[in-house]
Amino acid sequence: MKKLPIGIAVFRDIIEENYIYIDKTKYAYELITNYKYTFLSRPRRFGKSLFLDTLQEIFEGNQKLFKGLYIYDKWDWNQKYPVIKISFSGDLRSPEKLKNRLNDILIQNQKRLEVECEKVEEAYDSCFEELIREIYKKYNKKVVILIDEYDKAILDNLDQIEVAHKNREILKSFYTIMKDNERYIEFVFLTGVSKFSKASIFSGLNNLEDISLNPNFGTVCGYTQNDIEITFKPYLKVADLEELKKWYNGYNFLSEKVYNPFDILLFIRNNFKFKNYWFDSGTPNFLIKLFKQGKYNLASFENLKVKESFINAFDIDRLNLETVMFQSGYLTIKEEIQRRRKIEYILTYPNFETKMSFNDYLLDYLVDDHIQKGSIQDNLIDILEVADLEKLETTLKALFASIAYNNFTNNYILNYEGFYASVIYAYFAGAGFDDIRAEDVTSSGRIDLSVFIDDKVYIFEFKVDNSGALEQIKSKEYYQKYIDKFNKIYIIEVEFDSESRSIKRYEWEKIL
C-alpha cells in the first residue's frame, strides 16, 4: 500500500515516493484556465500548501508527475511559465523579522530563476517589482506568483496588535506591487486562513477573486466521503466509519462536506484511536481574549445565525469571535439562507472533535483547579446516565467554585446570563456528550440548554439574580417536543448570584 503523506506538502515527493495523493488537478485546471487573480481561505492543515505546490509543478511544465491524473492530457505542457513562490513560514513576530523574511524570499527566487536584482538590499517592495520585470525580460513569458500563508505575519501577532498593524502595512505595500505590474503577470494565487477586506490589505488589487465559498471549489482541499470509502478503504478496514464521520467530517464550504486530512492520516497512523489530532496541533490563545472581550454565549454556537459580511471580512481593528472561529475552522456553515437580496448563514461546530475540544479548551482556561475539573468532568456522563440529580448539583457547584473569576474582573459579562450558560455548556460539551442543544426552539419559546443521553433528556433553564426558571419551563411546556421520543424527562432550574458568582438555587423535577 502507498504511504501516508503526513506533513508532506511537496507534490513531487508525494508522486515520486509513492504516497497517497487525492487527485485535485481538476480544480487546478479549472482555476488556471478561467481565473487570473485568485484567493483561497481554508483552516490550517487542510492541504492548501500542497495544492499551491501542485500549481507550481503544472506551470513549470512537469507533465510526467501528473501521469494518471485528471490534468495529464488536458493542459498544454509546452506552455511553461516562470514561477515566483512566496511562503510566509518561520518567526514573524516583529516588523523587522517580516522584512527579513521578505528579503530572504526574494533572494531565494532570484537564485532559483537565475535573475539578479539591483535593489536586493533596498526596500522589499521595490525589489519585488524589479524581480517581476526582470523575470519577464529574461524568459519572455509572463510571471506566475504563488503566495502561501499570506496572512501569517498578521495572525501570528493578534496578541500584540501594534505589531499586527505594522505587519499589515508592510504586506499591503508588498501585495500592491502586483497590481502595478499586471502586464507582466500571467496568474496569481494566494492562500491563507483568514480573509481580510480588500481595503485593509489588498488596496488596489480590485480584481482578486475569492473562491473560498465558491461551490465549484468546495472540495479543493480536504477529503470527501468518497475518498474515505474508496481510496482509504484498505487503511480503514477495522475502523468505525460512522464514528469517524462524527469525529472528523463536517466542514462545509457550500459543497460536499469534507474531512480535515490531518485528522484522517493521524487516525490511521495511531491505530484508529479517536483523538483531537487537528485541534491539538495548535489553537490560538487570542480566542480566549476575544471571548473575554465580548458578550458571548458559547451555547449559541450550536446554531448561530450571522450575516454574510460576518464571515467574509476579517478586520484586526474590529475582531469578533464568530468571524475568527469560522475562518479558523472551529465553526462551519450549517445552512445558507437567501432572503430577498441578502444572504445569511447558520453556523455550527463542524464535528465532535472541534465541539468537544474547543469547549474543553475554554474550560481549562476558566478553571483554576484542572485536576478537580478533570476528575469531576470524567464522572459527568455517569451522573446523567443514572439521573443522579443531587450529585449533579454538587458537581456544578464545585465547578463554579473553581472558576478563575480574577480573569474577568470588572467585566460586565459576569452579570450576563450567557456567561454562566457558556460555562455549563462548555462543561457538557468538553465531557464528550454527543447531543447538546442550545436554545432549542419550541412552539412557546427557546430552551436554554437540552442535554440528551440514552432514553433521557435534561432541560436546563438559567437565571442570574432571578428565580422562576422551573415554573417557566412548566408553564410554557418546553418538554412537550420531547415526550414522544424519550422515556424520561427532567427539568432543572439553575439560578446564579452575580455578586458571589455561584449557584444560588438549584431545583429539579421529573416530568416523565
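Relevant structure appears above.
A. Inspection of a negative patch on the surface at higher detail. A cluster of acidic residues, Asp-378, Asp-382, Glu-385 and Asp-454, forms a negative patch on the protein surface. By secondary structure assignment, the location of Asp-382 is in helix H18 (residues 380-385).

B. Local environment of the packing of helix H19 (residues 389-401) against helix H20 (residues 417-431). Running from amino to carboxyl end, H19 crosses H20 at an angle of 115 degrees, the nearest separation of the two axes being 11 Å. For the pair H19 and H20, the sense of crossing is right-handed. Contact with H19, carried on its side by Leu-392, Thr-395, Leu-396, Leu-399 and Phe-400, involves Tyr-420, Val-423, Ile-424, Tyr-427 and Phe-428 of H20 and no other residues of that element.

C. Representation of the sheet that holds strand E9 (residues 435-442). Taken together, the five strands give an open sheet; going across it, the order is E9-E10-E11-E12-E13, and neighbouring strands pair in mixed fashion. At either end of the open sheet lies a strand with only one pairing partner, and these are E9 and strand E13 (502-510). Sheet twist, expressed as the mean angle between neighbouring strand axes with direction ignored, is 25 degrees. Sheet topology note: the E9/strand E10 (residues 445-453) ladder contains seven bridges and is antiparallel. Across the sheet, the residue bridging to Asp-435 is Phe-452, located in E10. Against the sheet, H20 contacts E9, E10, strand E11 (456-464) and strand E12 (488-497), and its axis sits at roughly 155 degrees relative to E11.

D. Region of interest: unusual backbone geometry. Even without being glycine, Asn-18 reaches a positive phi, approximately 65 degrees. Asn-18 gets classed as partly exposed once you look at its relative accessible area, which sits at 39%. With a phi angle near 55 degrees, Glu-149 is a residue other than glycine that sits in the positive phi range. Tracing the backbone through its elements, the reader meets Glu-149 in the loop between strand E3 (143-148) and helix H6 (152-155).

E. Structural detail: the pattern of salt bridges. Under the counting rule described, the total for this entry stands at 28 salt bridges. Measuring nitrogen to oxygen at the nearest pair gives 3.5 Å for the salt bridge that ties Arg-12 to Glu-57. Of the two residues, Arg-12 is situated in helix H1 (residues 11-16) and Glu-57 in helix H3 (residues 48-59); the sequence distance between them amounts to 45 residues. Under the relative-accessibility criterion, Arg-12 is labelled partly exposed at 26%. On the accessibility criterion, Glu-57 (8% relative accessible area) is buried. Among the salt bridges present, the one from Arg-505 reaches Glu-495, with a minimum N-O distance of 3.0 Å. Residue Arg-505 is found in strand E13, and its partner Glu-495 is found in strand E12; the two are separated by 10 residues along the sequence. The network of salt bridges with common partners includes Asp-435, Arg-437, Asp-440 and Lys-481.

Each value, and the rule that gives it
- Residues numbered from 1 in each chain as written.
- Predicted model: local features only at pLDDT ≥ 70, side-chain atom pairs only at ≥ 80, totals over all residues.
- Heavy atoms only, no water.
- Patch = residues over 30% accessible without salt bridge, like charges linked within 9 Å, V, L, I, M, F, W, Y side chains within 5 Å.
- Areas by Shrake-Rupley, 256 points an atom, 1.4 Å probe, with all protein chains shown as cover.
- Salt bridge = Lys/Arg side-chain N within 4 Å of Asp/Glu carboxyl O.
- Lys, Arg positive; Asp, Glu negative; His and termini not counted.
- Charge placed at Lys NZ, Arg CZ, Asp CG, Glu CD.
- Helix = DSSP H or I, 4+ residues; strand = E, 2+ residues; numbered from the N terminus.
- Axes fitted to C-alpha atoms, helices over the stretch in contact; angles between N-to-C directions.
- Left-handed = near helix turned anticlockwise from the far one by under 90°.
- Contact = heavy atoms within 4.5 Å.
- Pairing = 2+ DSSP bridges.
- Buried < 20%, exposed > 50% of the residue type's maximum accessible area, 1.4 Å probe, protein only.

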